[in-house]
Amino acid sequence: MRARYPDSEGFVERDGVKVAYEVHGSGATTILLAPTWAVVDSRVWKAQVAYLARHFRVITVDPRGNGRSDRPTRPEAYRDVEYAEDLVAVLDAVGVDRAVVVGLCSGAWFAVIAASRHPQRFLGLVAIPPAAPFLTAPLPHRVQFGFDDVLDSDEGWARYNRHYWRRDFRGFLEFFFAELLPEPHSTKQLEDCIEYGSQTDAETLLYEMETDCYVADRAGTEALLRTIGCPVLAVQGEQDRCQPLERSARFAELTGGELVVVPGGGHLLPVRAPVAVNRWIREFAERVAQPPARPAVRRWTRPLDRPRRLLYLSSPIGLGHARRDLAIADALRELRPGLRIEWLAQHPVTAMLRHRGEYVHPASDFLANESAHIEAEAGEHDLHAFQAIRRMDEILVANFMVFADLVDGEPYDAWVGDEAWELDYFLHENPELKRAAYVWLTDFVGWLPMPGGGPAEAALTADYNAEMVEQVARFPRLRDRSLFVGNPDDLVANPLGPGLPSIRDWTRQHFDFTGYITGSAPVDREQARAELGYLPDERVCVVAVGGSGVGSHLLRRVAAAYPLARAALPDLRMIVVAGPRIDPASLGVPAGVEVRGFVPDLHRHLAACDVAIVHGGLTTTMELTAAGTPFVYVPLRNHFEENFHVRHRLANYRAGRCLEYDELTPERIAQVLAEESARRGAYRPVETDGARRAAEMVAELL
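Computed from a prediction, not measured in an experiment: that's the story for all the values here. Think of each chain on its own: its residues are numbered from 1, step by step along the sequence as written. In keeping with the predicted nature of the model, local features appear solely for residues at pLDDT of at least 70, side-chain atom pairs appear and are counted solely at 80 or more, and the whole-chain, interface and lining totals rest on all residues. Each side-chain value is derived from all of the structure's non-hydrogen atoms; neither hydrogens nor water enter the calculation.

Novice: How should the packing of helix H6 (residues 187-197) against helix H18 (residues 454-474) be read in this particular structure?
Specialist: In a pair of packed helices, the angle between the axes and the distance between the axes together describe the arrangement. Whenever a helix is involved, its axis is fitted only over the stretch in contact; in every case the axis is a line through C-alpha atoms, and angles between N-to-C directions fall within 0 to 180 degrees. Helix numbering and strand numbering both begin at the N terminus, where a helix is a DSSP run of H or I of at least 4 residues and a strand a DSSP run of E of at least 2. Axis separation between H6 and H18 bottoms out at 10 Å; the angle between their running directions is 130 degrees. What the angle tells us is that H6 and H18 run oblique. Contacts from Thr 187, Lys 188 and Glu 191 in H6 reach Leu 460, Asp 463 and Tyr 464 in H18. A class-by-class count of the residues in the contact of H6 with H18 yields two nonpolar, one polar and three charged. When describing relative orientation, an angle under 35 degrees is termed roughly parallel and one over 145 degrees roughly antiparallel, while 65 to 115 degrees is termed roughly perpendicular and anything else oblique. In this description, contact between two residues means that some pair of their heavy atoms is separated by no more than 4.5 Å. Charged residues are taken to be Asp, Glu, Lys and Arg, nonpolar residues to be Ala, Val, Leu, Ile, Met, Phe, Trp, Tyr, Cys and Pro, and polar residues to be all remaining types, Gly included.

Structure (structure tokens):
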């Protein structure tokens, strides 16, 4: 799922070649994200589009040879001047007179040609980094092997070779993009780039390699660069294995531009350092466009005269985070009277917050929906949670940029992120953006591989855990508090990865423990039954799957067993809770089954019922544990947290009965309902002061 989909899209056609473009946003200034050569399409800009489109009109272009654009079969169609004229043709098609053009590698060179031939069309040029031919000597490893030679080696840059491309194009892509992404922990970015490159083929790239350049030599390149009259910004990583730093420096010198150097950065900075690149592009575009009018009145409040403000980010993946976060917020207000708590949140969390009368910051409207992404990733009671989070990278960077814009303009005393993965990751990637006390809150630590993923998934999860360990070791004071919602014995003992500590040991060293946070006060079961209309002589079964739409298959399967279960249990009453993201009418339940949508006080129903069937989410299962309600939980297949972390915790509390989804035949469902509803749970007690303990730790920072 993308963080933002285009407002419009289309094609331009030049000399029989159709070139695809997309338009996002409607700002007064236009940013044209130029295509690079045909080895990637416009999705290489995915980390920029959603953010920039909130401030500008953004146009992306698929290069001829990749994406939705045509793949002509003649070399002359891939000349650099053709790419350059495509840019101008797209501006014409969209009706844009002038734009700030941003180019990556070859795309920056295409932008230079376009700006030289059509200077009136460009307000400014950002080159990340520029591939200006002949300008300086190439990096030595780039010319170690002849591109057209028949080589006796397939190692290293010998793969940048005509014959190797034809022999093993996939192998070339894997090597090439690994060279362009020298930054550690770049596995997802590498996968993405290989996917982009796989949309084209060796012959298409070879056509491009056979074309003549717009200039003939270094003198021609220098002369062309001197014609650029618009402002220029060049950006270059010091570890770039594709373009030499001297080239960007000379490029900036000849164009009269600025140069930003990124120590440790590789070639694909928009991919690997998206927050910094996004901010540089925005600042540059705003500077070269018409300056904004100066406000007649500006206000600044002395810090001691400001009210205490806390910004709370609550994960939208399920409603459990919102329940515990509201409990913490209530306790915080008792400890710090007058504290103003503002929420940056998404549906379905916002539904619960507004029901409670909480203030949801208007910037929340700009967030890309993570729950929708998770639902799109799910199959039939199947969610590969680790991979789903990895594939949510575009959404996470877009949402972090919403946060960054918000705190740029509004002062807060503290930020709390309850499994706000984007906040924690990108703050560690950009620690200079921290400007308030920061609290990280989670109920699990450590990505774990599912057995079916084999060695490849084990390596990926270990790499993600290693990056977390390195970030916390390098910036130990970035998190002012790291709070684990639970107790030390709730932690699994699995290692974080080869050569890394165990999850239990590392978390004990780096986190404080709040105990479990139920999110609600203890419920008097008999009183709740009476108030909810549950009769003494009926056996009430609640079937619930939390706040996401992932559990619809479980709801349907259990509901379908109702006739058989009712035949065995005549006093059975079944209530299916669809939650805020599942249309109750879509479930098609049998007659007699009650279906409800969003139930704000679901915890009271869980405490009052005789038995529950739920999936393996932590919050719902722990609410049932706290209430002592017998329950069956069915972990989502391939969901590492539900299958390892939650299951371990429930075993500690001696709570619940775990079944696999494939076991849930009507006969099996009827059987377990009869068995489980006949007894009350003898579970380990769940603490009731977790929210207060968490609030006390946060309040110390205010």
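Still to come is the rest of the account.
Novice: Quick question: what am I supposed to make of the packing of aromatic side chains here?
Specialist: For any pair of aromatic rings, the description consists of the separation of the ring centres together with the inter-plane angle of the planes. Side-chain rings of Phe, Tyr and Trp (the six-membered ring for Trp) are treated as a pair once their centres are within 6.5 Å; stacked means planes under 30 degrees apart, edge-to-face means over 60, and tilted covers the remaining angles. A complete count under the given rule lists 33 aromatic pairs for this structure. Between Trp 157 and Phe 176 the ring centres are 6.3 Å apart and the planes differ by 85 degrees, which places this aromatic pair in the edge-to-face class. One end of the pair, Trp 157, is in the loop between strand S6 (122-130) and helix H4 (162-167); the other, Phe 176, is in helix H5 (residues 169-180), with 19 residues separating them in the sequence. For the pair formed by Trp 157 and Phe 176, the shared burial category is buried. Taken together, a centroid distance of 5.6 Å and an interplanar angle of 40 degrees make the contact between Phe 400 and Phe 426 tilted. A residue pair is termed long-range when its members are at least 10 positions apart, and Phe 400 in helix H16 (residues 393-409) and Phe 426 in helix H17 (residues 421-429) qualify at 26 residues. Each of the two residues, Phe 400 as well as Phe 426, counts as buried. Grouped by ring-pair contacts, the aromatic residues Trp 37, Phe 147, Trp 157, Tyr 160, Trp 165, Phe 169, Phe 172, Phe 175, Phe 176 and Phe 177 constitute a single cluster. Charges are assigned to positions over rings by a cutoff of 6 Å between ring centre and Lys NZ or Arg CZ, combined with an angular limit of 35 degrees from the ring normal. A cation over a ring is seen here: Lys 18 above Phe 11, with NZ or CZ 4.7 Å from the ring centre. Three exposure classes are used, based on accessible area relative to the maximum for each residue type with a 1.4 Å probe and protein chains only: buried under 20%, partly exposed in between, and exposed over 50%.

Novice: Help me out: how do you make sense of the pairing of strand S9 (residues 309-314) in this one?
Specialist: Residues in a regular strand project their side chains so that they alternate between the two faces of the sheet. The element S9 is extensively covered by neighbouring structure, given that six of its six residues are classed as buried. Pairing of S9 with strand S10 (residues 340-344), which is carried by five bridges, proceeds in the parallel orientation. Each bridged residue has a counterpart across the sheet, and for Leu 313 the counterpart in S10 is Leu 344. Orient the strands so they point away from the viewer; a crossover is then right-handed if the path from the first strand over the helix to the second runs clockwise. Note on the crossover from S9 through helix H12 (residues 320-335) to S10: the handedness is right-handed. Here S9 pairs with strand S12 (residues 414-418) via five bridges, running parallel. What sits directly across from Leu 311, in S12, is Trp 415. The pairing criterion is simple: DSSP has to find at least two bridges between the two strands.

Novice: Can you help me understand the nonpolar core in this one?
Specialist: For soluble globular proteins, the rule of thumb is that nonpolar side chains tend to be buried together. Among the nonpolar cores identified, the biggest contains 158 residues, and Ile 59, Leu 125, Phe 172, Phe 177, Phe 251 and Phe 400 are the most heavily contacted of them. For this core, the element with the highest residue contribution is H16, accounting for 11 residues. When neighbours within four sequence positions are excluded, Phe 177 is seen to be in contact with Val 39, Val 40, Leu 190, Cys 193, Ile 194 and Leu 268. Only buried residues count toward a nonpolar core. Its members are Ala, Val, Leu, Ile, Met, Phe, Trp, Tyr and Cys residues joined through side-chain atoms within 4.5 Å. Tyr 312, Ala 331, Val 349 and Val 698 belong to the second-largest nonpolar core, a separate cluster that totals 62 residues.

Novice: How should the packing of H12 against helix H27 (residues 690-699) be read in this particular structure?
Specialist: At a minimum axis distance of 8 Å, the contact between H12 and H27 shows a crossing angle of 55 degrees. Put simply, H12 runs oblique to H27. Crossing of H12 over H27 shows right-handed handedness. Residues Ala 327, Ile 328, Ala 331, Leu 332, Glu 334 and Leu 335 of H12 form the contact with H27, whose own contacting residues are Ala 691, Arg 692, Ala 694, Ala 695, Glu 696, Val 698 and Ala 699. Should the near helix be turned counterclockwise from the far one by less than a right angle, the crossing is left-handed, whereas a clockwise turn marks it as right-handed.

Novice: Just checking my understanding: could you explain the side chain of Glu 358 for this structure?
Specialist: Locating Glu 358 in the fold gives a position in the loop between helix H13 (349-355) and strand S11 (359-360). Judged by relative accessible area, Glu 358 falls into the buried class, the value being 11%. A distance of 2.8 Å separates polar atoms of two side chains, one belonging to Glu 358 and the other to Trp 343. Aside from chain neighbours lying at most four places away, what touches Glu 358 is Leu 326, Arg 333, Trp 343 and Leu 353. Contacts described as polar in this section are N or O atom pairs within 3.5 Å, which, within protein, must combine one atom able to donate a hydrogen with one able to accept it, while residues neighboring in sequence count only if both atoms come from side chains.

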